[in-house]
Amino acid sequence: MKHALEEIKPNAIYQVFKALPLTSDGQKSLMHLYQPIIGANALSLYYHLLGDAFDSVEQEFTHLDCLNLLNVGMDDFYAARRRLEGMGLLTVYEKEDTEFGKLFLYQLEEPVNPQSFIQDMTYSFLLHQAIGKRRFEQMIRRFEPKTIDLTNYVNTTANFTQVYGQLDLDRFAQEAPQLELTAQGFKEEKNKSLQVAENLLDWDFLFQLAQKKFIAKENFTAEFRLQLSVYASLYGYKEMELIELLTQVVALDTGLVNPNDFRRLIEKNQLQKPKKEQQASQNSRQDVERYRQLSQKGFTQRDLNLIKISEETAPSDFLQAIKLEKNSFVTDSEIRLLKTLIERTPLTNAVINILIHYVLVIQNNSTLQERFVTTIAANWSEKGFKTPEMAIEYVRQYVRESKEKQREKEEKKQTQAKRTYAKTPVRNEVLPEWIIEPKEIKEDPEKQAAIQRRLQEYLKRKEGEQ
């Protein structure tokens, strides 16, 4: 945040405007619902500016007087002002004056009434985070609408026509334009919403991820996008993290997400975060030891990088990254194939990623061919591969054995060519070799390293890392 004195000088003049006096409901919302979120300084500033707005003597004020009356410094004032802005309680306008320099116009906004505040997912989430579950439930009980038991009662209220008779429609038609013009002058503006930067998230990328996870685009209303932006702002969630959380609450038959279920999941996730961070630290130490042991077994740094990426990336994103770096694209059949592998095989996501890497990078195929990939997946499932290093080790051994077979085959051909007699050729109908066994080509470490490096850069870029 910029330093306050860079934005506002103590002698700068400001004016305050509010279209209508603060309502009773607005006052209740400020005191009980907004205050825990914005803090005491921001609440005091709102009421101070409210007094300035309806001052019958003065129209212009200096910030220095405001600071003295509130007994705060410029930094505290600026922080409080921004809190009001962020919660949609204050709109700030500035203009340059040749005589007085920068002038400010502060437009106070009406707080959302208590019922609308609690009904709004984002506002209620912020309040819940600020005051906790017990106090939040108290606020719900305090502001829930009252009901009355009308059992055995009959509504006998008289209507307008019964009491006042018919309207003079001709006269009404004559005066309607003027009445409409008058009504326009009393039209209330909508409450200002939370000021949240939606550009924290790459929405196109998020929608692509959601589509891959069968999360319906209908979920992403303006209100839900605002909610996601708040989570990104408060807790630093990235697109991939939000989608992974959404997959835990999405309805599989409709692809729809209940915002309440998602809010509760976010709260649960935040409560467990310290435990997760402790576990992550422990896992990090275990990974260091694991990678050390793998290095001793002959795994290269390139292998270790591939293992790390395979364990941190969803198969759909892993496939997308490789396809992009090969100047290609993911086909519909490949998406269906991945879904089948994830749902029906016992292979972990990391092992599936190694399978993808093997077919597209080592084998240098353009696409994941279903019969070829499922044959490999079935073989790896039978062998019980649980970790990416198990798959990599098997692939290396398989490549060595295939090269040895190829060498023996070539030697056999050369021996047969030296024979002096000829045989009648017999035509045998066989399946294409690639259906049964993958074609074996020479590994190109430099090419693989380049793709892996670009893969890392792509994934980091999509995670929002610099």
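Use the structure listed above.
This structure is a prediction, so every number in the text was calculated from the model and none was measured.

Assignment of secondary structure puts Ser316 in helix 16 (residues 315–325). With a relative accessible area of 18%, Ser316 lands in the buried category. If near-sequence neighbours (up to four positions away) are discounted, Ser316 is found in contact with Lys212 and Leu338.

Turning our eyes to something else, we now look at the pairing of strand 4 (residues 101–108). Bridging between strand 1 (residues 13–17) and strand 4 involves 4 bridges; their strand directions are parallel. From the neighbouring strand, Phe17 faces strand 4, where its bridge partner is Gln107. The sheet contact formed by strand 3 (residues 90–97) and strand 4 spans 8 bridges and is antiparallel. Across the sheet, the residue bridging to Thr91 is Gln107, located in strand 4. Hairpin connection, strand 3 to strand 4: the antiparallel pair is bridged by 3 residues.

What the 4 strands build is an open sheet, ordered 2-1-4-3; its pairing is mixed. Every interior strand has two partners, whereas the edge strands, strand 2 (61–62) and strand 3, have only one. Of the strands in this sheet, strand 1, strand 2, strand 3 and strand 4 are in contact with helix 3 (residues 40–53), which crosses strand 1 at around 85°. Helix 5 (residues 74–86) contacts strand 3 and strand 4 of the sheet and is inclined by roughly 120° relative to strand 3.

What follows concerns the nonpolar core. Tyr34, Tyr106, Phe220, Leu228 and Phe262 are the most contacted members of the largest nonpolar core, which totals 67 residues. At 7 residues, helix 7 (residues 121–143) tops the list of elements feeding residues into this core. Counting 38 residues, the second largest nonpolar core, distinct from the first, contains Ile309, Leu368, Val373 and Ile376.

Looking now at the packing of aromatic side chains. Within the structure shown, the criterion is met by 14 aromatic pairs. Both rings, one in Phe104 and one in Tyr106, keep their centres 6.0 Å apart while their planes meet at 35°; by these two values the pair is tilted. Of the two residues, Phe104 and Tyr106, both sit in the buried class. Note on Trp203 and Phe207: the rings are 6.2 Å apart at their centroids and 35° apart in plane angle, and the pair reads as tilted. On the criterion of helical spacing, the pair formed by Trp203 and Phe207 is a turn pair, its members being 4 residues apart in helix 10 (residues 203–212).

The periodicity of an α-helix, 3.6 residues per turn, causes residues three or four places apart in sequence to face the same way. Residues of helix 4 (residues 63–70) that are buried include every one of His63, Cys66 and Leu67, and no others. Mapping the buried residues of helix 4 onto a view down its axis gives an arc of 100°, with all of them on the same face. Of the residues in helix 4, the exposed ones pointing more than 90 degrees away from the buried face are Asn68 and Leu69. Looking at the buried residues of helix 4, the elements they touch are strand 1, helix 3, strand 2, helix 5 and strand 4.

Here Ala130 is to be found in helix 7. The contacts of Ala130, once residues within four sequence positions are left out, are Pro36 and Ile37.

Attention now goes to the packing of helix 3 against helix 5. Between helix 3 and helix 5, the shortest axis-to-axis distance is 8 Å and the interhelical angle comes to 80°. As far as their axial angle goes, helix 5 and helix 3 are roughly perpendicular. Side by side, helix 3 and helix 5 meet where Asn41, Ala42, Leu45 and Tyr46 of the first sit next to Asp76, Phe77, Ala80, Arg81, Arg83 and Leu84 of the second. For the contact of helix 3 with helix 5, the residue count by class is 6 nonpolar, 1 polar and 3 charged.

With a phi angle near 70°, Asn152 is a residue other than glycine that sits in the positive phi range. Residue position: Asn152 is located in the loop between helix 7 and helix 8 (160–164). Given a relative accessible area of 79%, Asn152 falls into the exposed group. Located in the positive-phi region is Phe214, a residue other than glycine, with phi close to 60°.

Calculation notes
Residues numbered from 1 in each chain as written. Predicted model: local features only at pLDDT ≥ 70, side-chain atom pairs only at ≥ 80, totals over all residues. Heavy atoms only, no water. Helix = DSSP H or I, 4+ residues; strand = E, 2+ residues; numbered from the N terminus. Buried < 20%, exposed > 50% of the residue type's maximum accessible area, 1.4 Å probe, protein only. Contact = heavy atoms within 4.5 Å. Pairing = 2+ DSSP bridges. Axes fitted to C-alpha atoms, helices over the stretch in contact; angles between N-to-C directions. Core = buried A, V, L, I, M, F, W, Y, C linked by side-chain atoms within 4.5 Å. Phe/Tyr/Trp six-rings, centres within 6.5 Å; stacked < 30°, edge-to-face > 60°. Arc of directions from axis to C-beta. Parallel < 35°, antiparallel > 145°, perpendicular 65-115°, else oblique. Nonpolar A, V, L, I, M, F, W, Y, C, P; charged D, E, K, R; others polar.

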